[in-house]
Amino acid sequence: MDEIRRKRLIYRANHRGMKEADVMIGRFVETHIDSLTPDQVDRLENLMDELDLDIMDWVMDRQPVPARHDHDVFAMLKAFEPADREAYR
(Lines give C-alpha, C1' and ligand atoms only; values in the text may rest on other atoms or scores of the structure.)
Protein backbone atom coordinates (compact mmCIF):
# COMPACT_ATOMS: atom_id res chain seq x y z
CA MET A 1 0.00 0.00 0.00
CA ASP A 2 1.35 3.40 -0.83
CA GLU A 3 2.11 5.80 2.01
CA ILE A 4 -0.50 8.37 0.95
CA ARG A 5 -3.31 5.82 1.07
CA ARG A 6 -2.06 4.56 4.44
CA LYS A 7 -1.97 8.05 5.96
CA ARG A 8 -5.37 8.92 4.48
CA LEU A 9 -6.93 5.81 6.04
CA ILE A 10 -5.40 6.51 9.44
CA TYR A 11 -6.59 10.11 9.36
CA ARG A 12 -10.06 9.13 8.18
CA ALA A 13 -10.33 6.45 10.88
CA ASN A 14 -9.41 8.94 13.62
CA HIS A 15 -11.66 11.76 12.42
CA ARG A 16 -14.99 10.04 11.96
CA GLY A 17 -17.09 12.72 13.60
CA MET A 18 -18.20 10.63 16.56
CA LYS A 19 -15.72 10.26 19.42
CA GLU A 20 -16.63 6.64 20.10
CA ALA A 21 -16.04 5.72 16.45
CA ASP A 22 -12.76 7.64 16.47
CA VAL A 23 -11.57 5.51 19.39
CA MET A 24 -12.79 2.18 18.07
CA ILE A 25 -12.05 2.51 14.36
CA GLY A 26 -9.03 4.78 14.72
CA ARG A 27 -7.18 2.51 17.10
CA PHE A 28 -8.12 -0.55 15.07
CA VAL A 29 -6.70 0.98 11.88
CA GLU A 30 -3.55 2.22 13.63
CA THR A 31 -2.98 -1.27 15.02
CA HIS A 32 -3.75 -3.33 11.91
CA ILE A 33 -3.16 -1.16 8.83
CA ASP A 34 0.33 -2.48 8.16
CA SER A 35 -0.71 -6.13 8.36
CA LEU A 36 -3.81 -5.96 6.14
CA THR A 37 -3.71 -7.36 2.64
CA PRO A 38 -4.67 -5.08 -0.27
CA ASP A 39 -8.09 -6.79 -0.45
CA GLN A 40 -8.61 -6.27 3.27
CA VAL A 41 -7.74 -2.59 2.91
CA ASP A 42 -10.38 -2.32 0.19
CA ARG A 43 -12.94 -3.96 2.49
CA LEU A 44 -11.92 -1.60 5.31
CA GLU A 45 -12.41 1.44 3.10
CA ASN A 46 -15.85 0.20 2.05
CA LEU A 47 -16.80 -0.36 5.67
CA MET A 48 -15.60 3.12 6.59
CA ASP A 49 -18.00 4.56 4.00
CA GLU A 50 -20.84 3.63 6.35
CA LEU A 51 -22.27 5.88 9.05
CA ASP A 52 -20.60 5.78 12.45
CA LEU A 53 -23.86 4.90 14.19
CA ASP A 54 -24.43 1.94 11.88
CA ILE A 55 -20.92 0.59 12.41
CA MET A 56 -21.25 0.99 16.17
CA ASP A 57 -24.61 -0.80 16.15
CA TRP A 58 -23.15 -3.70 14.17
CA VAL A 59 -20.08 -4.00 16.38
CA MET A 60 -22.16 -3.92 19.56
CA ASP A 61 -24.76 -6.37 18.17
CA ARG A 62 -27.57 -3.83 18.31
CA GLN A 63 -28.26 -4.50 14.63
CA PRO A 64 -27.20 -7.37 12.36
CA VAL A 65 -24.24 -6.61 10.14
CA PRO A 66 -25.28 -6.44 6.47
CA ALA A 67 -23.98 -9.25 4.26
CA ARG A 68 -21.80 -6.81 2.30
CA HIS A 69 -19.77 -6.14 5.46
CA ASP A 70 -19.89 -9.59 7.03
CA HIS A 71 -16.25 -10.38 6.30
CA ASP A 72 -12.86 -10.88 7.92
CA VAL A 73 -12.10 -7.19 8.43
CA PHE A 74 -15.40 -6.56 10.20
CA ALA A 75 -14.77 -9.63 12.39
CA MET A 76 -11.35 -8.22 13.27
CA LEU A 77 -12.87 -4.83 14.13
CA LYS A 78 -15.56 -6.43 16.25
CA ALA A 79 -12.99 -8.49 18.17
CA PHE A 80 -10.65 -5.52 18.65
CA GLU A 81 -10.45 -4.23 22.22
CA PRO A 82 -8.95 -0.75 22.60
CA ALA A 83 -8.02 0.04 26.18
CA ASP A 84 -10.99 2.31 26.88
CA ARG A 85 -13.67 0.61 24.79
CA GLU A 86 -15.83 0.23 27.92
CA ALA A 87 -16.18 4.01 28.01
CA TYR A 88 -18.68 3.96 25.17
CA ARG A 89 -20.70 0.79 25.88
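Since this is a predicted model, take the numbers as computed values, not measurements.

Calculation criteria
- Residues numbered from 1 in each chain as written.
- Predicted model: local features only at pLDDT ≥ 70, side-chain atom pairs only at ≥ 80, totals over all residues.
- Heavy atoms only, no water.
- Axes fitted to C-alpha atoms, helices over the stretch in contact; angles between N-to-C directions.
- Helix = DSSP H or I, 4+ residues; strand = E, 2+ residues; numbered from the N terminus.
- Parallel < 35°, antiparallel > 145°, perpendicular 65-115°, else oblique.
- Left-handed = near helix turned anticlockwise from the far one by under 90°.
- Contact = heavy atoms within 4.5 Å.
- Nonpolar A, V, L, I, M, F, W, Y, C, P; charged D, E, K, R; others polar.
- Phe/Tyr/Trp six-rings, centres within 6.5 Å; stacked < 30°, edge-to-face > 60°.
- Buried < 20%, exposed > 50% of the residue type's maximum accessible area, 1.4 Å probe, protein only.
- pLDDT = per-residue confidence, 0-100.

> Describe in detail the packing of helix H2 (residues 19-32) against helix H4 (residues 52-59), supporting the description with residues and values.
Helix packing geometry: the angle between the two helix axes and the distance between the axes. At a minimum axis separation of 10 Å, H2 and H4 run at an interaxial angle of 60°. It follows that H2 is oblique to H4 by the angle criterion. Note on packing geometry: the crossing formed by H2 with H4 is left-handed. Across the interface between the two elements, Glu 20, Ala 21, Met 24 and Ile 25 of H2 pack against Asp 52, Ile 55, Met 56 and Val 59 of H4. Residue classes in the contact of H2 with H4 are distributed as six nonpolar, no polar and two charged.

> Any details on the packing of aromatic side chains? Residues and values, ideally.
For the structure shown, the criterion picks out one aromatic pair. Look at Phe 28 and Phe 80: their rings are 5.7 Å apart centre to centre, the planes differ by 75°, and that puts the pair in the edge-to-face class. Here the residue Phe 28 occupies a position in helix H2, and Phe 80 occupies one in the segment after helix H5 (72-79), the gap between them amounting to 52 residues. Each member of the pair, Phe 28 as well as Phe 80, carries the same accessibility label: buried.

> I'd like a description of the confidence of the model for the protein, backed by residues and values.
Considering every residue of the protein, the mean pLDDT works out to 90; 91% of them sit at 70 or more. For the protein, the element scoring lowest by mean pLDDT is H2, at 91; helix H3 (residues 38-48) scores highest, at 97. Contacts for the low-pLDDT stretch residues 85-89, under 50 throughout, to residues beyond four places or in other chains number 12 contacts.

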